[in-house]
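# Understanding the architecture of this molecule
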Amino acid sequence: MYESYFDPYFRLRHDIYVKQHKWMALDRPDGLEKDQFDTEDAVYLFCIDGGQLIGAMRALPTQMPTLMSDIFPYLNIRGPIRRQDVFELSRIFVIPERRGEHAGPRVEMLLLTAITEYGISIGLTGFSIVLESWWLPRFERIGWKAQPLGMPQTIDGMSVLAVLVDCDETTWKSLCHQIGLTRPTLTWRGLADVNRQALPDISVPVPPTAQPAR
Ligand code: COA
């Protein structure tokens, strides 16, 4: 159903991570940025506007190999997370021309809200992430509770650490409230086989859990 989006998706990843960020270990001659975790088990969240892919994120079941278990195991001092209720997030991006928007919900906030909705819908309680430390104040601002799993390490000049982020209804409601959503964000098509839990009502605004940045 969404097959035609995958070629542009992997090309965008190549443009962003290889050409722009210079993460040359991800370079491939075919101009597609794909790695060993892009398997049938990966879940792709696409933000599509008018038929154009404008942002995306990848979620991997932690019972399968992940970035944290196979590439950066030393970032998690407690050892690899292999839990049915935790997925690993990676490769979040927004296309350059849609970044930093102020009119309407930012695409990046929509992605974080949508992945939280997905998580609570399928019974997840957390997301593990290997990230650069500049994300932490951003998560703090929006109320994403991130628990460090080890000390930050400098990798290729970047300060990188592993975290576990809570995925729960309160966080989802707060994210929806912050971007003015009164109904779920995700479009579920062709996923009738996925076991889903009912979502809480978000039509009544709740106070945000986000703390003001200090
Ligand atoms: N290093 C440090 N800070 C960064 C950053 C980076 N590589 N990328 C974004 N930021 C922070 C900055 O504080 C920036 O503020 P500034 O305007 O003062 O520079 C702020 O994020 C806003 O970022 P911006 O890109 O304007 O918009 P956004 O919030 O809509 O989108 C991202 C944020 C990360 C989704 C977007 O920048 C993106 O797609 N980047 C490329 C993909 C990527 O790096 N993903 C993370 C690793 S998987």
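Here the structure is shown first, and the text comes after it.
An account of the accompanying structure is given in this report. Just so we're clear, the structure is a prediction, and the values are computed from it rather than from any experiment.

## A short note on the side chain of His 14
Along the polypeptide, His 14 turns up in helix α1 (residues 6-20). Take His 14: its relative accessible area is 7%, and that puts it in the buried class.

## Remarks on the packing of helix α3 (residues 107-121) against helix α5 (residues 169-178)
Axis separation between α3 and α5 bottoms out at 9 Å; the angle between their running directions is 150 degrees. With respect to α5, the axis of α3 lies roughly antiparallel. Two packed elements cross with a definite hand, and for α3 against α5 that hand is left-handed. Counted together, Met 109, Leu 112, Thr 113, Thr 116, Glu 117 and Ile 120 of α3 and Glu 169, Trp 172, Leu 175, Cys 176 and Gln 178 of α5 form the full contact between these two elements. Tallied by class, the residues present in the contact of α3 with α5 amount to six nonpolar, three polar and two charged.

## Some points on α5
Since one α-helical turn is 3.6 residues long, residues separated by three or four positions face the same way. Within the sequence span of α5, burial applies to Thr 171, Trp 172, Ser 174, Leu 175 and Cys 176. Buried residues in α5 make contact with α3, α4 (135-142) and β7 (158-166). Gly 180 sits one or two positions beyond α5 and adopts a positive phi of about 75 degrees.

## As for the environment of Pro 152
Mapped onto the elements of the fold, Pro 152 is located in the loop between β5 (146-148) and β6 (153-155). Along the sequence, Pro 152 and Asn 76 sit 76 residues apart, while their C-alpha atoms lie 9.9 Å from each other. If we skip the residues at most four places from it in the chain, Pro 152 touches Ser 159, Val 160 and Leu 161.

Calculation rules
Position numbers for residues start from 1 in each chain and track the written sequence from start to end. Local features in this predicted model are restricted to residues whose pLDDT is 70 or higher, and side-chain atom pairs enter the listing and the counts only when it is 80 or higher, whereas totals over whole chains, interfaces and linings include all residues. Derived side-chain values reflect all non-hydrogen atoms in the structure, with water molecules and hydrogen atoms excluded from consideration. To qualify as a helix, a DSSP run of H or I must reach at least 4 residues; to qualify as a strand, a run of E must reach at least 2; elements of each kind are numbered from the N terminus. Remark: exposure states derive from per-residue accessible area (1.4 Å probe, protein chains only) relative to the maximum for the residue type, with buried under 20%, exposed over 50%, and partly exposed in between. Angles run from 0 to 180 degrees between N-to-C directions of axes, and those axes are lines fitted to C-alpha atoms, restricted for helices to the stretch in contact. Angles below 35 degrees are treated as roughly parallel, those above 145 as roughly antiparallel, those between 65 and 115 as roughly perpendicular, and all remaining angles as oblique. Should the near helix be turned anticlockwise from the far one by less than a right angle, the crossing is left-handed, and should it be turned clockwise, the crossing is right-handed. Note on definitions: a residue-residue contact is assigned when non-hydrogen atoms from the two residues lie within 4.5 Å. Asp, Glu, Lys and Arg are counted as charged, while Ala, Val, Leu, Ile, Met, Phe, Trp, Tyr, Cys and Pro are counted as nonpolar; the rest, among them Gly, fall into the polar class.

Coordinates in, geometry out; function isn't part of it.
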